[in-house]
Amino acid sequence: MLMKLITVVSISLGVALISPVLANPSVNKAQALQAHNSLRAKDRQRPLQWSNDLESISQKWANQLASSCKMYHHQGQIPFGENLFYSSVPATVGQAVNAWGDEKKSYNYQQNRCQPGKQCGHYTQVVWKGTTDVGCAKQSCSNGAEIVVCSYFPAGNIVGARPY
């Protein structure tokens, strides 16, 4: 029996190098929006709307990341929130959003923080009460892996504030 190893990672930092990028895989905007809004509805948050501007920002960043197949967030002050997702096999934005949603189990609402050693910031950005717009894109690395980038406006994860 042959089993494939699937690597799925949501991360924050890395180093950039230059290498070729494969053709841009398309994003199903309706599916991406539905995945976000389904997760938000579970926490009684208003639906997001799709932003072509945020999609464009996400595509440029996905292209940049895929050129080295390294994951790292924009540096410095940016006027939007950002979630990153890496998969060693083709992935949809919906799968990325579901992975971010799985972080909810690591979020303690009463203490407004993640469990020690766990990530939950991707989840809190998706459901952030003040966020109104999202745009996502993905790009393939030369090794066949895919990177998904979603950008959010206004940004969430404001220190000291609760997501909802």
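Cut-offs used in this document
Residues numbered from 1 in each chain as written. Predicted model: local features only at pLDDT ≥ 70, side-chain atom pairs only at ≥ 80, totals over all residues. Heavy atoms only, no water. Salt bridge = Lys/Arg side-chain N within 4 Å of Asp/Glu carboxyl O. Buried < 20%, exposed > 50% of the residue type's maximum accessible area, 1.4 Å probe, protein only. Core = buried A, V, L, I, M, F, W, Y, C linked by side-chain atoms within 4.5 Å. Helix = DSSP H or I, 4+ residues; strand = E, 2+ residues; numbered from the N terminus. Contact = heavy atoms within 4.5 Å. Disulfide = S-S within 2.5 Å. Pairing = 2+ DSSP bridges.

Caption draft 1: Examining the pattern of salt bridges more closely. In the structure shown here, the tally under the stated rule is three salt bridges. A salt bridge links E146 to K138; its shortest N-O distance comes to 3.5 Å. A single burial state applies to E146 and to K138, both of which are buried.

Caption draft 2: Spatial organisation of the nonpolar core. One finds W50, V93, W100, V134, C150 and Y152 to be the most contacted residues of the largest nonpolar core, which totals 23 residues. Those elements that provide at least two residues to this core are α1 (29-42), α3 (93-101), α4 (121-127), β6 (133-140) and β7 (146-153). V93 has contacts with V27, Q31, A32, H36, C136, V148 and C150, leaving out every residue within four places of it along the chain. With 13 residues, the next largest nonpolar core counts L65, Y72, L84 and I147 among its residues.

Caption draft 3: Highlighting the state of the cysteines. For the structure on display, the rule yields three disulfides. Covalently, C114 is tied to C120 through a disulfide, its sulfur atoms 1.9 Å apart. Given an S-S torsion of about -90°, the disulfide between C114 and C120 has left-handed geometry. Judged by its relative accessible area of 26%, C114 is partly exposed. A relative accessible area of 4% places C120 in the buried class. The disulfide that involves C136 links it to C150, with 2.1 Å between the sulfurs. Looking down the S-S bond of the C136 and C150 bridge, the torsion is 110°, so its handedness is right-handed. You can see C136 sitting in strand β6 and its partner C150 sitting in strand β7, a full 14 residues away along the chain. Residue C136 shares its accessibility class with C150, and that shared class is buried. Taken N- to C-terminal, the disulfide-bonded cysteines of the chain are connected 1-5, 2-3, 4-6.

Caption draft 4: The arrangement of the pairing of β7 in detail. Across the eight residues of β7, seven count as buried, placing the element largely inside the fold. In this structure, strand β3 (residues 81-87) lies alongside β7, joined through seven bridges in antiparallel fashion. Counterpart to S87 in the pairing with β7 is E146. Alignment of β6 against β7, held across eight bridges, turns out to be antiparallel. Paired with G135 across the two strands is S151, which belongs to β7. The hairpin turn running from β6 into β7, its antiparallel successor, is five residues long, and G144 in that turn takes a positive phi close to 95°.

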